[in-house]
Amino acid sequence: MGFARTCSVALVGVEGVVVEVQADLEPGVAAFTLVGLPDKSLTESRDRVRAAVVNSGASWPQKKLTVGLSPASVPKSGSGFDLAIAAAVLGAAERVDPRVLADIVMIGEVGLDGRVRPVRGILPAVLAAADAGYEQVVVPECAAAEASLVPGVSVLGVRSLRQLIAVLADEPVPDEEPDDVGRPDPLLAGLRVPGTGAATGMHSTGAGQLDHDLADVVGQTSARTAVEVAAAGGHHLFLEGPPGAGKTMLAERLPAILPRLGRQDSLEVTAVHSVAGLLPPGKPLIDVAPYCAPHHSATMQALVGGGPGIARPGAVSLSHRGVLFLDETPEFSSRALDALRQPLEAGHVVIARSAGVVRFPARFLMVLAANPCPCGRFSRTDDLCECPPSLIRRYQARLSGPLLDRVDLRVEVDRVTRAQLTERGARGESTATVADRVREARERAVARLAGTPWRTNSEVPGRELRSRWSAVPGAMDDAERNLERGVLTARGIDRVLRVAWTVADLVGHDRPDATDVALALQLRTGVPRGVPMAIGALT
């Protein structure tokens, strides 16, 4: 009788559980039994592993073989257990020393020819292994850079099962024949999910890949200020205006003025994209703010996550620490929009399914864009709209009050005039200039919030703002009068104070004064307060 064990990782969302893979050989009729709550793709590993072992030059044991995945109560899915199952079988057959396998975590799919293919979720799997105390990990060669992002773990990248056998048996490692030069690596096919490319809007694009400049936006002083304040404090933004006024241009330029992600944020974002199969080729670490713009026909599952079986991350998680842009927001289903309320407040989304409960991070900056009416020409100043008032009310009512109450900044984007469009030499501030101001404002906020779990003004609870970081005495009087008149809710006045702190950080004030609060109120309610709208005019 032969017995061997090694380890792999079962992913539930972006959280992993180390699974012990045990192989037992007993005399009897040759058979291969796999137990431990496997799914369909994992059950099929019996045939893949058998063919891979034989084609790698090893003998398949002609005995009764039982492979157990422990703990058996945890659902296990995917083909990432193939490498561990093959190693455990070879250890039970004494092709390799079973004692060498016990403390190694192996992640990867094997092909029928013995090549080791990458799987999605390498980074969160290695993070789970490191948290469990394991120090040695075996992964596919093309995913070794992603696994090496985890400190304190020794990573071995192998291209084939033949190479792994040689390393474990302390034999000369054979060289694998390279693939045809100039052709895509077929081993990378398993990292991509069909239907999640850039054209779908579900593929998040980093700020460094968006070759856009804020100086390209003509006019729109109020909207540009709102975009800058949103980036500096992490505040949600609602842009309303006619078609062609520049709402999409502003949203596309927002990620470029956000600061680069820190180490911990980069690992969180990379883990989500690794599970979703959206890591850019050749870039194992995402260090820029992601940008996700789903189509208005997206379902609730596409926005917040879900799907059959184990839930997959949705747009709110793919835009974690970045920007979620919902263009033509009233065209989204009300059910999908209302599902955003919980992640907007909590910073994460919890999805309950029959296969288990999954928790994904979802702390994003939301940008809503909408036309004022179905034809898009309704305005307080022009009389070009032909929509009846009842239709306008129904169209605007598609955005619920509770959802809009969670949006800090609401700006009307005016129609661009001929004079603005044809004027020469009067471009606004560039992305680099605004990004420098945003970075300095973020640094002030981080220094002020040192020792707390918050890093941006939008994350600070209202009770803390009122007790520990209050404005200049008398600065909030106008906002409190708006609360008494019913213009602002209790949540709304807290958000006004958060925005006022962000404005103060941008202009270099120690505490928000009446001017900062007035600008925050104007960005919240849209009612002019007689203050300059450009941040540069306040400094």
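Treat the numbers as computed from the prediction; the structure is a model and nothing was measured.

## Observations concerning the sheet that holds strand β15 (residues 365–370)
Ordered in space as β11-β12-β15-β10-β16, the 5 strands form an open sheet in which the pairing is parallel. Each having just a single partner strand, β11 (291–292) and β16 (409–412) make up the two edges of the open sheet. Sheet strands in contact with helix α8 (residues 221–233) are β10 (237–240), β15 and β16, and its direction is about 160 degrees off that of β16.

## Focus: a nonpolar patch on the surface
A contiguous nonpolar patch, built from Leu-156, Val-167 and Val-173 and spanning about 200 Å² of accessible area, is present on the exposed surface. Checked against the element boundaries, Leu-156 lands in strand β9 (residues 154–158).

## Quick word on unusual backbone geometry
Across the junction of Ser-70 and Pro-71, the peptide omega takes the value 5 degrees, indicating a cis bond. One can find Pro-71 in the loop between β4 (64–70) and α3 (82–92). Although it is not a glycine, Asp-170 sits at a positive phi angle of roughly 60 degrees. Note that Asp-170 resides in the loop between α7 (161–168) and α8. Here Glu-328, not a glycine, exhibits a phi torsion of approximately 55 degrees, which is positive. For Glu-328, the location among the structural elements is in the loop between β12 (323–326) and α13 (334–338). For Glu-328, a relative accessible area of 27% gives the class partly exposed.

## Things to note about the pattern of salt bridges
Under the definition given, this model contains 31 salt bridges. Of the charged contacts, one joins Asp-265 and Arg-455 as a salt bridge, the two residues approaching to 3.1 Å between their closest N and O atoms. Note that Asp-265 is positioned in helix α10 (residues 263–276) and Arg-455 in the loop between α18 (431–448) and α19 (462–467), a separation of 190 residues in sequence. By relative accessible area, Asp-265 is classed as buried at 9%. Arg-455 gets classed as partly exposed once you look at its relative accessible area, which sits at 36%. A salt bridge links Arg-524 to Asp-405; its shortest N-O distance comes to 2.9 Å. Within this pair, whereas Arg-524 is found in helix α22 (residues 514–525), its partner Asp-405 is found in helix α16 (residues 401–405), the two being separated by 119 residues in sequence. Here Arg-524 falls in the buried class, since its relative accessible area comes to 4%.

## Regarding the nonpolar core
Ranked by size, the top nonpolar core spans 58 residues in total, and within it Leu-237 and Val-367 carry the most contacts. The dominant element in this core, judged by the number of residues it contributes, is helix α21 (residues 490–507), at 9 residues. In this structure, Leu-237 is in contact with Ala-226, Val-227, Ala-230, Met-366, Val-367, Leu-368, Val-407, Leu-409 and Val-411, ignoring residues within four places of it in sequence. In this structure, Leu-25, Phe-81, Ala-84 and Val-89 belong to the second largest nonpolar core, which totals 40 residues.

## Some words on the pairing of strand β1 (residues 2–12)
The buried fraction of β1 amounts to 8 of the 11 residues, a majority that puts the element mostly inside the structure. With 11 bridges joining them, β1 and strand β2 (residues 15–26) adopt antiparallel strand pairing. What sits directly across from Val-9, in β2, is Val-18. The hairpin turn running from β1 into β2, its antiparallel successor, is 2 residues long, and Gly-13 in that turn takes a positive phi close to 75 degrees.

## Thoughts on the packing of α18 against α21
It is the contact of α18 with α21, at a shortest axis distance of 8 Å, that shows an interaxial angle of 115 degrees. In the crossing of α18 with α21, the sense of the turn from one axis to the other is right-handed. For the pair formed by α18 and α21, the contact residues are Arg-437, Val-438, Ala-441, Arg-444, Ala-445 and Arg-448 on the first element and Trp-501, Asp-505 and Leu-506 on the second. Looking at the contact of α18 with α21 residue by residue, the classes come out as 5 nonpolar, no polar and 4 charged.

## Overview of the packing of aromatic side chains
Within the structure shown, the criterion is met by 3 aromatic pairs. Ring geometry for Phe-32 and Trp-60: centres 5.7 Å apart, planes at 40 degrees, overall tilted. With a gap of 28 residues between them, Phe-32 in strand β3 (residues 31–35) and Trp-60 in the loop between α2 (45–55) and β4 connect regions that are remote in the sequence. Seen in terms of ring centroids, Tyr-291 and Phe-325 are 6.5 Å apart; in terms of plane orientation they differ by 25 degrees. Their pairing is stacked. Of this pair, Tyr-291 sits in strand β11 while Phe-325 sits in strand β12; the two residues are 34 residues apart in sequence, bridging distant segments of the chain. Residue classification places Tyr-291 among the buried residues on the basis of a relative accessible area of 9%. Overall, the relative accessible area of 3% leaves Phe-325 in the buried class.

## Re the side chain of His-348
Assignment of secondary structure puts His-348 in strand β13 (residues 348–353). Looking at His-348, its side chain comes within polar contact range of the main-chain oxygen of Ala-346, at 3.4 Å. Engagement of the side chain of His-348 in a polar contact is seen with the side chain of Arg-359, the distance being 3.1 Å. Not counting chain neighbours up to four residues away, the residues in contact with His-348 comprise Gln-342, Pro-343, Arg-359, Phe-360, Pro-361 and Ala-362.

## Regarding the confidence of the model for the protein chain
Of all residues in the protein chain, 91% have pLDDT values of 70 or greater, and the mean over the chain is 87. Looking at the elements of the protein chain, mean pLDDT is at its lowest for helix α23 (residues 535–538), recorded as 64, and at its highest for strand β5 (residues 104–106), recorded as 97. Confidence drops under pLDDT 50 across residues 195–200; counting only partners more than four residues distant or on other chains, this segment forms 7 contacts. Across residues 205–210, where pLDDT falls below 50, the model places 14 contacts with residues more than four positions away in sequence or in other chains.

## Observations concerning α7
Across the 8 residues of α7, 6 count as buried, placing the element largely inside the fold. Those residues of α7 lying buried are Leu-161, Gln-163, Leu-164, Ile-165, Ala-166 and Leu-168. Looking one or two residues beyond α7, the residue adopting positive phi is Asp-170, at roughly 60 degrees.

Reading the values: the criteria
Residues numbered from 1 in each chain as written. Predicted model: local features only at pLDDT ≥ 70, side-chain atom pairs only at ≥ 80, totals over all residues. Heavy atoms only, no water. Pairing = 2+ DSSP bridges. Helix = DSSP H or I, 4+ residues; strand = E, 2+ residues; numbered from the N terminus. Contact = heavy atoms within 4.5 Å. Axes fitted to C-alpha atoms, helices over the stretch in contact; angles between N-to-C directions. Patch = residues over 30% accessible without salt bridge, like charges linked within 9 Å, V, L, I, M, F, W, Y side chains within 5 Å. Areas by Shrake-Rupley, 256 points an atom, 1.4 Å probe, with all protein chains shown as cover. Salt bridge = Lys/Arg side-chain N within 4 Å of Asp/Glu carboxyl O. Buried < 20%, exposed > 50% of the residue type's maximum accessible area, 1.4 Å probe, protein only. Core = buried A, V, L, I, M, F, W, Y, C linked by side-chain atoms within 4.5 Å. Left-handed = near helix turned anticlockwise from the far one by under 90°. Nonpolar A, V, L, I, M, F, W, Y, C, P; charged D, E, K, R; others polar. Phe/Tyr/Trp six-rings, centres within 6.5 Å; stacked < 30°, edge-to-face > 60°. Polar contact = N/O pair within 3.5 Å; in protein donor to acceptor, adjacent residues only side chain to side chain. pLDDT = per-residue confidence, 0-100.

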